[in-house]
Amino acid sequence: MEPIITDKEKCRKCYCCVRSCPVKAIKVEKRYTEIIFDRCIGCGNCLSNCPQRAKMVADKVGVTESLLTSEDEVIAVLGSSFPAFFHNVAPGKLVAGLKRIGFRQVHEGAYGAELIAGDYARITGDNDRTHISSHCPAIVDLIERHYPKLLRNLVPVVSPMIAMGRYLKGVLGPKAKVVYISSCIAAKFETQMTETRGAIDIVLTYRELEGIFRSRQISLPTLEALPFDGLTPTVGRLFPINGGTFRSFSMPSNPLDTEVVSACGEVNVMGIIKDMAAGRIAPRFADLRFCYDGCIGGPGRNSDLTEFYRRNLIINHYKQDIPHEPAPHHLSPREQAGLTRTFASKHARLESPKGNDVRKILQATSKYSVKDELNCRACGYRTCREYAAAVYQGLAEIEMCLPYNLQQLEEDRGRLIQKYELARRELDREYTDEFIVGNDRKTLEVLDLIKQVGPTPTTVLIRGESGTGKELTARAIHRFSKRNDKPLVTLNCTTITDSLLESELFGHKRGAFTGAIAEKKGLFEAADGGTIFLDEIGDITPKLQAELLRVLDTGEVRPVGGTAARKVDVRLIAATNRNLEEGVREGWFREDLYYRLNVFTITMPPLRNRVESIPILAHHFMEKASTKLNKRLSAIEERAVIALTTYPWPGNIREMQNVIERAAVLAHDDVIHLENLPLALSENLEGSPTADLDMRSSFRAERERHVVKLEKKLIQRYLAEANGNVSRAARLANIPRRTFYRLLDKYRLKEKDVRDMPREDRP
Ligand SMILES: Nc1ncnc2c1ncn2[C@@H]1O[C@H](COP(=O)(O)OP(=O)(O)OP(=O)(O)O)[C@@H](O)[C@H]1O
């Protein structure tokens, strides 16, 4: 099993792992990201940087537990960084804990550094070439997999961990099992390599060991300390800290020596390796560790502690006299022959894309010029070009480009809105005949204008609030025109993005932009010989305004991505509820287009200015609703008609149409009653002067009118008697105070009106 696993369910494809991987070893699949182990160097960046914890260390607790219950002699080796993890427990108690869970012997891994020290000193003393330390498995992997050119520079000696494993197996025999406990993830990879396999049986993290103690309910502080087995390391204990190599290997270190490079951390190390591979630098010895802070900064470190503190813990441990009781076999001369190793190229070169391949991939994500390459890094790659190369190499996918995705979403949204809008209008038309209903003066004037302008080829601009019937008027103009046997094409300019609008209007050539998989005719061409109605024309951008003006002036359209113009014969009717004059003044509407449109203007009056037509409109919409709902409806109750006429109709005729349809749904019999109207309308009725006027038409209404008047007078009188004090007035009237307030509201009376009234005027 690979040392790092991906929980596919947890992975949300945030690309944090892609971003943090120094060697492009993450492949993005449809639903998750996956490690390419042939490229992975085991640095553990993807583990530490995954916000969902979808990348995890493969669990080694189970195999360790079963090893401990077997007959085998199982030896624990604590990596040299252990004091920087188990900082609040004495080393002897940790040894006791390990023995309690079944380890026969416990060794300090720091001794491994001392085992290889002599070889390092000897080899790096040779000046024949650059020597690169090979004690960090991530560095070895980096060179073997990605910089094979530097293979010959790696010091051909095993790491302290492998040295310990080989030493222990040499002393105890190959049957002994060695479990190495460390904060290093790359060590887990190292034990699987052909060149080092067999020395260590399991690499366990400190955290995994902690888990075992917890599950066995072992409290380390309560245990009696025990001595370590094996030989006592000295300077080897300093190995895990930054610069510790020189002390542990007893090598001279001089900060002024430019022939020796010592570096920790991804950025520093990668820079040095690239420089060495390119031949820019050739130091005598490069001591490199992939993790920042050296081996005390491994991915499995205790991250609650600062680097400074962890470093101090290591130095304190080095200074301490910690009991060791080596068995006689550890005291005998050691077999050192097995501490050398070889390295092999594991370089799997990815094919590099050619310029044209990169260009094609960039274009597939709407990047046509350098300025489109935002290099936003949302995909995890540093530049759009690096990302395009990754797509080419099969590591990334097109959908990873966030700006492209957002643009796609925006365009899809626009298309959907447009489709929805068209469907809604179609539905409206299905139940609405094309005739303009109304007998008020203003509607009749509009009808007159329609009849006059209809048969001419003149461009018409229809203005008015939303829902006043602008589109209906446009249809009527088309019907009265000589083009009425040709199509009337409608487009709402607010619903789609500028670029989409341009292609909708003028069409596009195949490949003009992403998604333009086939040539498409624009609406101008679709309307050839007929009329085009552009609703909400005040919302198009100045760039499109200019293009529209050009089409109107030349009578020619040019599809997006095309060069050849096509002649069209289209009459334009435009509508807007925006103040175009203000647009011209403020610069968002082109003056030349404004004059081009403003040849013949029809202004639709709001419904509140056509009150006389409300009853007839209401009955018209009732009949429409009756057909649509397949429900018999024969009348609208008078109170409801009055309520309809007194309401201000901010949404105009469309709002009224909806109100009547809703009432028709709610009506229990074949009459629309006041109660079937929304509250805003029925409440508006009470106490309204218009209501008073119209009520004269029936006896019940007449009686209601008198009652209302009388009630109002009475309220005023009680209030006057109580000198404007509502509580007193309510008591005098013998009605609850709340009811009195409601009546004041109903007749829009205020306490102060009565209080300020001259005594002789009081009722
Ligand atoms: N005078 C009228 N007679 C009958 N129905 C009308 C009348 N005026 C508007 N309507 C109906 O009201 C609804 C809204 O009208 P229309 O879509 O023409 O308004 P609009 O001003 O274009 O609205 P918007 O600005 O929101 O696009 C439509 O169903 C239409 O048929």
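Residues numbered from 1 in each chain as written. Predicted model: local features only at pLDDT ≥ 70, side-chain atom pairs only at ≥ 80, totals over all residues.

Participant: Where do I start with the overall build of the protein in this structure?
Facilitator: Broken down by element type, the protein carries 32 helices and 20 strands. By residue count, 39% of the 763 residues in the protein fall in the buried class. Sequence separation of at least 24 residues holds for 76% of the intrachain contacts in the protein that already meet a minimum separation of 6. (Helix = DSSP H or I, 4+ residues; strand = E, 2+ residues; numbered from the N terminus. Buried ≥ 20, exposed ≤ 12 C-beta atoms within 10 Å, placed from the backbone. Contact = placed C-beta atoms within 7 Å.)

Participant: Help me understand helix α24 (residues 614-629) in this model?
Facilitator: Each full turn of the α-helix corresponds to 3.6 residues, which orients residues three or four apart in the same direction. A rise of 1.5 Å per residue sets the reference length of α24, with its 16 residues, at 22 Å; its end C-alpha atoms lie 22 Å apart and thus fit the reference within 8%. For α24, the full list of buried residues reads I614, L617, A618, H620, F621, M622 and A625. Buried residues along α24 sit against β19 (635-636), α25 (638-646), α26 (652-666) and β20 (671-672). Following α24 by one or two positions, N630 adopts a phi angle in the positive range, close to 55 degrees. (Expected span 1.5 Å × (residues − 1).)

Participant: Help me understand the site of the ligand, please; the structure alone is not making it clear to me.
Facilitator: Residues in close proximity to the ligand total 18 residues, the closest being V437, S466, G469, K470 and E471. Along the lines of polarity and charge, the residues of the shell around the ligand split into four nonpolar, nine polar and five charged. (Near = placed C-beta within 6 Å. Nonpolar A, V, L, I, M, F, W, Y, C, P; charged D, E, K, R; others polar.)

Participant: Is there a simple way to think about the sheet that holds strand β11 (residues 285-289) in this case?
Facilitator: Sheets are built from strands that pair by backbone hydrogen bonding, the pairs being arranged parallel or antiparallel. Strand order across the open sheet formed by three strands is β7-β11-β10, with parallel pairing between neighbours. Two strands close off the open sheet at either side, each with one partner strand: β7 (131-132) and β10 (260-264). Helix α11 (residues 266-277) contacts β10 and β11 of the sheet and is inclined by roughly 140 degrees relative to β10. (Pairing = 2+ DSSP bridges. Axes fitted to C-alpha atoms, helices over the stretch in contact; angles between N-to-C directions.)

Participant: Explain the packing of helix α30 (residues 726-733) against helix α31 (residues 737-746) to me, please; I cannot follow it from the model alone.
Facilitator: The relative placement of two packed helices comes down to the angle between their axes together with the axis-to-axis distance. Orientation of α30 relative to α31, taken along the N-to-C sense of each, is 105 degrees, at an axis distance of 9 Å. As the angle between them shows, α30 and α31 are arranged roughly perpendicular. Facing α30, whose interface residues are V726, S727, A729, A730 and A733, α31 presents R737, F740 and Y741. Residue composition of the contact of α30 with α31, grouped by class: six nonpolar, one polar and one charged. (Parallel < 35°, antiparallel > 145°, perpendicular 65-115°, else oblique.)

Participant: Looking at this model, I keep getting lost on the sheet that holds strand β14 (residues 531-535). Mind explaining?
Facilitator: Pairing is parallel across the open sheet formed by five strands, whose spatial order is β13-β14-β17-β12-β18. Only two strands of the sheet have a single partner each, and these edge strands are β13 (488-492) and β18 (600-603). Between one strand axis and the next, the sheet turns by 20 degrees as a mean value, whatever way the strands run. Of the strand pairs in this sheet, strand β12 (residues 460-463) and strand β17 (residues 571-576) are connected by four bridges, and their pairing is parallel.

Participant: Could you clarify how one ought to interpret the environment of N127 in this entry?
Facilitator: For N127, the position within the fold is in the loop between α5 (110-125) and β7. Here the alpha-carbon distance between N127 and R284, two residues 157 residues apart in the chain, equals 6.4 Å.

Participant: Hey, could you run me through the pairing of β11 in this one?
Facilitator: Within a regular beta strand, the side chains point alternately toward one face of the sheet and then the other, so they alternate between its two faces. Counting buried residues in β11 gives five out of five residues, a clear majority hidden from the surface. Where burial is concerned, the two faces of β11 agree: the one with F285, D287 and R289 and the one with A286 and L288 are both buried. Here β7 pairs with β11 via two bridges, running parallel. Bridging across to β11, I132 finds its partner in A286. Where β10 and β11 come together, five bridges link them in parallel fashion.

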